[in-house]
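Residues per chain, in single letters:
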Amino acid sequence: MTAPLTLIGSGMAGLGLVRQLRAQQPERPITLLTADSGDDYSKPMLSTGFSKRLPPERLASRSAFDVAETLDVVVRTRTRVDAIEPAERQLVIGAERLPFDELVLATGAVPTPPFAIPESLAGRVFTINDLDDYRAFHAALEALGRPARVAIVGIGLVGCEYANDLTAGGHAVEMIAPEAAPLPRLLPEPLGHALGEAFVEAGIVLHTGRSVVELTDAGARAGVTLDDGTDLEADLVLVATGLRPRTELAEAAGLSVGPEGIRTDRYLATSVPGIHALGDVACVDGINAMYVQPLQASAKALAATLAGTPTAVRYGPWPVLVKTPLLPVVSLPPRETPAGWRIEGEGRDLSALAEAEDGRLIGFALTGSQVRRKVELARIAPPLLG
C-alpha cells in the first residue's frame, strides 16, 4: 500500500498538490491539516472582490466539506500544528500526537507589519493574505454602511492591487510608502511613476517617500502619523508591506531554513528525508517565487515525485500580471541587477528592457498598451529556474 501523505496548509499550494496527486494516485490516504476554514478559493481573486462587490462566500468555490468529499481526503480545519518531531515521525497538536509517513509543508507566508498595531485598533487595521482575512476586512467595510476612507500602507503588488480594487468599488484610498513610486520591486522608477499618475487621476492620494511612525485610536477612526509629521485619519487601515515565509515549525524541527523560506532542492525535498516543502514557504534551489505559475509548476512536479517519478522543478520566464486596470502592468523582474534599463515608448505606454553587460535581455517591465509585448519578450528572456 502507498504510504499515507500528510499536508500542512490548505492554500493554493496544498490543494493544488492534492488535485495533481489524486490524478495519479486515486487511492492514496491523504490527511490535510489547516489552521483556517479549509475553503477552496483562488487567492488572486481576493484583490478583485471589492470592485465586483463580491461577498466572501462568492469567492469560495468549495467548502472544506466539499473538498474532503470531492478529493477523498481527510480535512481537519482550524487545526494548528504545534510542533513537528521528525525522529518520532509525528506531529504535535495540543495533547495529540499524529503519526506521519511522508509530510508536505505548505504553510505559506505571513504579512509583516513594520510597526506596532494598538489592541484598540484591532477591528480597524487589517492585512489580507487569505480568505479569512478577506472576510474580516469585508465585514468591517460592510459595518460602515457607506464608502470608506482606507489608508493602505505599502505600494508593492498587494497594496497596488487593493488600491485599484477599492477605488473601483467606490472607496477613498490613500497610500503610504517610503519608496518613490509604486511597484518598486517590479518596475523601474519611470514606469512606477506612470502607474502613480494613473492612480492619482483616479483619486488615490499618494504619500510616497513617507513612512508610518505610529497608529493611534482617533475615536471612530484610526490615526496615522507619518515621519514628516503629517497626521491622517482613516476608517480602516490595510497593511500591505510584504510577506515572510512561515518557517517557524520547520526551523524548530531542525530543518534547514533561511530568510527566503524552507530550503529545498529541485525535488522540493527539505534537509530531512520524507519531508517536502511547497509554495510560498519553500525556497527552491535558492529561489522563492511567490507567484501563481511557479506554485503550480511546483505542485505538479512534487505530485509526480510523490507518485514515484522523481521530477525536478523548473520555472519558465513567466511574467507577473499585475491586476491594476487603471494602468495595465506586466513585469518579469531580472534575477540579477541589470547593467541598465532601456526604456521605450510614450506617455504611460512604456517598455523597459533590463539588459546584462553583454546586451542580453534578462527581464522586462511593461505598462499600458505595451503589455501586448509580454509573449514576445518572454520567449527570449531567461527562465527563472531552468
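What counts as what
Residues numbered from 1 in each chain as written. Predicted model: local features only at pLDDT ≥ 70, side-chain atom pairs only at ≥ 80, totals over all residues. Heavy atoms only, no water. Phe/Tyr/Trp six-rings, centres within 6.5 Å; stacked < 30°, edge-to-face > 60°. Helix = DSSP H or I, 4+ residues; strand = E, 2+ residues; numbered from the N terminus. Buried < 20%, exposed > 50% of the residue type's maximum accessible area, 1.4 Å probe, protein only. Domains from an automatic or database assignment. Core = buried A, V, L, I, M, F, W, Y, C linked by side-chain atoms within 4.5 Å. Contact = heavy atoms within 4.5 Å.

**A few points about the packing of aromatic side chains**
- According to the stated counting rule, one finds 5 aromatic pairs in the structure shown.
- When the ring of Phe-50 is compared with that of Tyr-162, the centres are 6.4 Å apart and the planes differ by 55 degrees; the resulting orientation is tilted. Here Phe-50, found in the loop between strand 3 (40-41) and helix 2 (56-59), pairs with Tyr-162, found in helix 5 (residues 157-168); they are 112 residues apart in sequence, far enough to count as distant.
- Relative accessible area serves as the criterion here: at 5%, Phe-50 is assigned to the buried category.
- Geometrically, the ring pair formed by Tyr-315 and Trp-318 is tilted, given 6.1 Å between the ring centres and 45 degrees between the ring planes.
- Exposure remark for Tyr-315: the relative accessible area of 4% places this residue in the buried category.
- Owing to a relative accessible area of 28%, Trp-318 belongs among the partly exposed residues under this scheme.

**Looking at the domain arrangement of the chain**
- According to the domain assignment, the chain consists of domain 1 (5-110 + 243-307), domain 2 (113-239) and domain 3 (328-380).
- Put simply, the middle of domain 1 and the middle of domain 3, counted by C-alpha atoms, are 33 Å apart.

**Observations regarding the nonpolar core**
- Ile-84, Leu-91 and Leu-105 are the most contacted members of the largest nonpolar core, which has 51 residues in total.
- No other element matches helix 8 (residues 292-306), which puts 6 residues into this core.
- Apart from residues no more than four positions distant in its own chain, Leu-91 is found in contact with Thr-6, Ile-8, Leu-33, Val-81, Ala-83, Ile-84, Glu-96, Arg-97, Leu-98, Phe-100 and Leu-103.
- Core analysis: the second largest hydrophobic core is formed by 42 residues, Ala-163, Leu-166, Ala-177 and Leu-191 among them.

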